[in-house]
Every structure is written in C-alpha cells, then in structure tokens.
Amino acid sequence: MKPGAICNLALSNRLAYSAKVATLEKIDMSKAAKRLLVTGSSGLIGSEVSLFFSSQGFSIHGIDNNQRAVFFGPAGDTRWNQKRLTTQIPGFSHHELDIRDRKEVLALIDEIKPDGIVHTAAQPSHDRAAAIPFDDFDTNAVGTLNLLEAARRTCPEAPFIHMSTNKVYGDRPNFLPLQELETRWDYADPAYAHGIPEDFSIDQSKHSLFGASKVAADVMVQEYGRYFNMPTCCLRGGCLTGPNHSGVELHGFLSFLAKCNLEDREYRVFGYKGKQVRDNIHSEDVSRFIFAFFQAPRVGEVYNLGGGKANSCSILEAFQLVEKFSGKPMRYSYQDENRIGDHICYYSDLRKMKAHYPAWDITKSLEQTVGEIVEAWNRRLEK
Ligand SMILES: NC(=O)c1ccc[n+]([C@@H]2O[C@H](COP(=O)([O-])OP(=O)(O)OC[C@H]3O[C@@H](n4cnc5c(N)ncnc54)[C@H](O)[C@@H]3O)[C@@H](O)[C@H]2O)c1
C-alpha cells in the first residue's frame, strides 16, 4: 500500500469517528449517561479516552490545567486539544484544576460522583523530573493519592484506571542479556521472547526521579485495590503515541521525531548506537483496553501496556518509517552518552492483558500509527 493510501485511510477513519461522536449531540446526556472523570484530559491519552467513552454514550468530565506547557514550555501546550474536545464531545465539562490541590479534588469528585475514573494527568518525562523534583513527586505520587482517596470516600465502586509506566522497572531490563542486530538491540534470552512481563522486579534498580514517583503512585493504586477492595488497575505503558501528542524532545519520542523530520530539524540520538528499542501503541488501542477494563473490572491489577514486539522499533528504524511517509530525509546527530537509566531494549509482554481480556488486541500497526502521526503534524504545522 502506498503511504498516501494509509494516510487517507486514517483520515477517513477519524472522520467516521467524529461523525459517530457528532450523532450523540441528539442524545440528552443528562438522563442516563454514565459519568467518566478523566484527569489529564487535554493530553494524548486523556483526550483519546474522553472521545472514546463519549462515543460509547458517557458524559465526560475532564480535569486539566495545561501543566504540560509549564513542564515543557509552549511546545508542550495542550490547549488546542482541550478546544478539540469542547467542539467534538457533546456536553464536555472541562475543569481547570490542579490534581495537587487536595481540597478541590475531594470536592469535585464528591460533586461529580463519577462511575469511572481514568487518571492520565502526570509529569510524564523521565529526564525533566530531576530539574523539578517537588513538582514531579507532588503531581505523580501525591496527585494520585488525592484522587484515590477522593474515590474511596465518594465512589469506591467506580473503576479507577491509572496510567503507570514501564519506568517502574527502572533500568533493570538493561541487565538482561542482549544481542546486537543490524538496526536494533534484542533480548538474547528466549525467556523474554514475548517481552517484559508484569512480575519483573521493580526493586533495586535506577528509576530516575520520575520512575520513582510513578512507582509510588503505582503501588498506591494497587494498595487501594487490595486493601480497600476497589476495582483499580495500573497500566504500565511502553511508548504511548498517536496523532494527538504534543511531542517534545523530553517526551513523546515518535511524535517529536516526526515533527523534527517535517521541520527539517536535527534530531538528537542519545547513545546505544540509535538501536534502542521501544514498543509503540496507538492511543486508540490504549482507550479500547481501558474501556474493556471498565466493563469487566478486576481488583488491584497490573498490566504492561505497549505495542508488544510486533509494534516495536529502534530509533534508526523509526527514522526509516517516518522518511517513508514524509518523503524527507531525517537529519540527526549522535552523542555517545545515553540518557540516564534509559532502556536499551524494552517491549511489553501482552499475554496477561490478552488472557484477561481476550476480545482486546492491538488494531493499529506501527506503520499505520506513524502514517497518522506524520499526517497530523503536516496539518498542525500548516496552521
Ligand atoms: N506517552 C507515553 O509515551 C507514556 C508512556 C508511559 C506512560 N505514560 C503515562 O501515561 C499518562 C498520560 O501520558 P500522555 O502522554 O498522555 O501525557 P500528556 O503530557 O500528553 O498528558 C498529560 C496531561 O496532564 C496534564 N497535567 C499534568 N499535570 C497536571 C496537574 N497537576 N493537574 C492537572 N492536569 C495536569 C497536562 O497538562 C497534560 O495535558 C501519564 O501518566 C504518563 O506518565 C505515557
């Protein structure tokens, strides 16, 4: 299939999706719609989850204070995405709230009494955390505790789905035996042929301050499940991606890489010969899993959620993919020093998710996802 064909397919899918959402305008949402509270609703995952649940008839309450622009500067601004939700989701309620504000979080959840909570708000960057340790921990760990406790007091039956990260495993995956292939690293031990499973140790390794604050949140989410018998789960994300990411150098690798390519900017590769491997999952597939969990929740669960081996690529391989869609050569520089604690090779073992939710699977290939990202940046950069 030609690159353009995939882009057109992606566009028609999105139009169909928007049309589906638009038909809901005729429904009186105040009557029977279930209420979903989404934190970080203007971000990549929060916005996709909001649109997805809205298309299933939910009324959506989003919390976001555009903190991404504070963390990463104007390039991280997510107001455009907030506007998109306001126009595409009938009756969308935006709450300009900081999840660190405990009093306000307790009051808002008590007022909404949501039927489900999807928690995606975070300081999401491994590298940024060291410069802003208080903001990082207060957002990722304390903000999560605020939401969990508010949920326990008001709506303990509501599924609480938390976006965790593969950085909770620290740099421990780097100590597995690896083999160097022409364009990527891979696991040499057949025990990891399917990727990293959920029982991989999170202990005694280097996490970065971000990884540590996310461990605190992850363990707390599990604890509210086990201790209070609440339907919680942690989704330990690989690379979550898609056309609606505000990719910056410090977060959102595929989105940022595609943006650099289209703007003829130099992309910086940090160590590992550019052969470091990430597994990439489209935000729609993330939303579909969250919906599956919402419909059949379990208590205190943990899943590794990424693209799996089939949707993995190294940075060098990502260059080739983006070039194929943009038709432009990738400009990049290389420095020997890797990012502290960066994974050399990481892909998620998806077998537990698929065993618990057999109807769920990855629907978007890496190629299709990259095509959509390039197409979206082309549109956003034209404006
Ligand atoms: N994108 C990835 O590759 C990836 C990988 C693994 C895990 N995750 C996790 O998934 C979640 C979502 O990631 P994303 O890529 O959508 O991030 P994102 O930065 O695109 O979205 C997060 C949103 O949360 C908002 N936010 C941040 N702090 C806030 C606060 N204190 N109060 C209210 N809103 C706040 C931001 O403004 C932003 O719009 C995060 O928990 C992240 O750690 C992401």
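Just so we're clear, the structure is a prediction, and the values are computed from it rather than from any experiment. (Residues numbered from 1 in each chain as written. Predicted model: local features only at pLDDT ≥ 70, side-chain atom pairs only at ≥ 80, totals over all residues. Heavy atoms only, no water.)

Enquirer: Honestly, the nonpolar core in this entry has me stumped. Any pointers?
Expert: Proteins that are soluble and globular tend to have nonpolar side chains buried together. Formed by 33 residues in total, the largest nonpolar core has its most connected members in Phe53, Leu235, Phe289, Ile290 and Leu305. Broken down by element, the residue count for this core peaks at 7 residues, all from helix α10 (residues 283-295). What leucine 305 contacts, discounting residues up to four positions off in sequence, is Met163, Leu235, Arg236, Gly237, Gly238, Leu240, Ile281, Val286, Phe289, Ser348, Met353 and Trp360. The next biggest cluster of nonpolar side chains, apart from the first, holds 23 residues, and it includes Phe256, Val269, Ala318 and Trp377. (Core = buried A, V, L, I, M, F, W, Y, C linked by side-chain atoms within 4.5 Å. Buried < 20%, exposed > 50% of the residue type's maximum accessible area, 1.4 Å probe, protein only. Helix = DSSP H or I, 4+ residues; strand = E, 2+ residues; numbered from the N terminus. Contact = heavy atoms within 4.5 Å.)

Enquirer: How should I be thinking about helix α3 (residues 44-55) in this particular structure?
Expert: Under the 1.5 Å per step criterion, the end-to-end length of α3 is 17 Å for 12 residues, consistent within 8% with the ideal 16 Å. The element α3 is extensively covered by neighbouring structure, given that 12 of its 12 residues are classed as buried. Among the residues of α3, Leu44, Ile45, Gly46, Ser47, Glu48, Val49, Ser50, Leu51, Phe52, Phe53, Ser54 and Ser55 are the ones counted as buried. Just downstream of α3 lies glycine 57, where phi reads positive at about 95°. (Expected span 1.5 Å × (residues − 1).)

Enquirer: Just to check I follow, could you spell out helix α11 (residues 315-326) for this structure?
Expert: Spacing of three or four residues puts side chains on the same side of an α-helix, whose turn is 3.6 residues. Across its 12 residues, α11 extends 16 Å between first and last C-alpha, which sits within 8% of the 16 Å expected from 1.5 Å per residue. Here α11 has its buried residues at Ile315, Glu317, Ala318, Phe319, Leu321, Val322, Phe325 and Ser326. Immediately downstream of α11, the backbone of glycine 327 shows phi near 75°, a positive value.

Enquirer: Can you walk me through the pattern of salt bridges in this structure?
Expert: Once their charged atoms are close, side chains differing in charge can pair, the charge on each being opposite to the other. Summed over all chains, the structure comprises 25 salt bridges. Across the salt bridge formed by lysine 309 and aspartate 186, the nearest N and O atoms sit 3.2 Å from each other. Residue lysine 309 is located in the loop between β12 (301-305) and β13 (312-314), and its partner aspartate 186 is located in strand β7 (residues 185-187); the two are separated by 123 residues in the primary sequence. Accessibility expressed as a relative area gives 39% for lysine 309, which makes it partly exposed. A salt bridge links glutamate 375 to arginine 379; the shortest N-O distance between them is 3.9 Å. Taken together, the residues glutamate 375 and arginine 379, both in helix α13 (residues 366-382) and 4 residues apart, mark about one turn of the helix. Given the relative accessible area of 41%, arginine 379 is considered partly exposed. (Salt bridge = Lys/Arg side-chain N within 4 Å of Asp/Glu carboxyl O.)

Enquirer: Any chance you could explain the side chain of threonine 154 here in plain terms?
Expert: Structurally, threonine 154 can be placed in helix α7 (residues 133-154). If we skip the residues at most four places from it in the chain, threonine 154 touches Ile109, Asp110 and Lys113.

Enquirer: Help me out: how do you make sense of the sheet that holds strand β11 (residues 277-282) in this one?
Expert: Strand order across the open sheet formed by 3 strands is β9-β11-β13, with mixed pairing between neighbours. The two strands at the open ends of the sheet, each matched to only one other strand, are β9 (239-241) and β13. Across the sheet, the mean angle from the axis of one strand to that of its neighbour is 40°, orientation sign disregarded. Pairing between β9 and β11: 3 bridges, direction parallel. For cysteine 239, the partnering residue across the bridge sits in β11 and is asparagine 280. Each of β9 and β11 touches α10; the most contacted strand, β11, lies at about 65° to it. (Pairing = 2+ DSSP bridges. Axes fitted to C-alpha atoms, helices over the stretch in contact; angles between N-to-C directions.)

Purely geometric numbers; function is a separate question.
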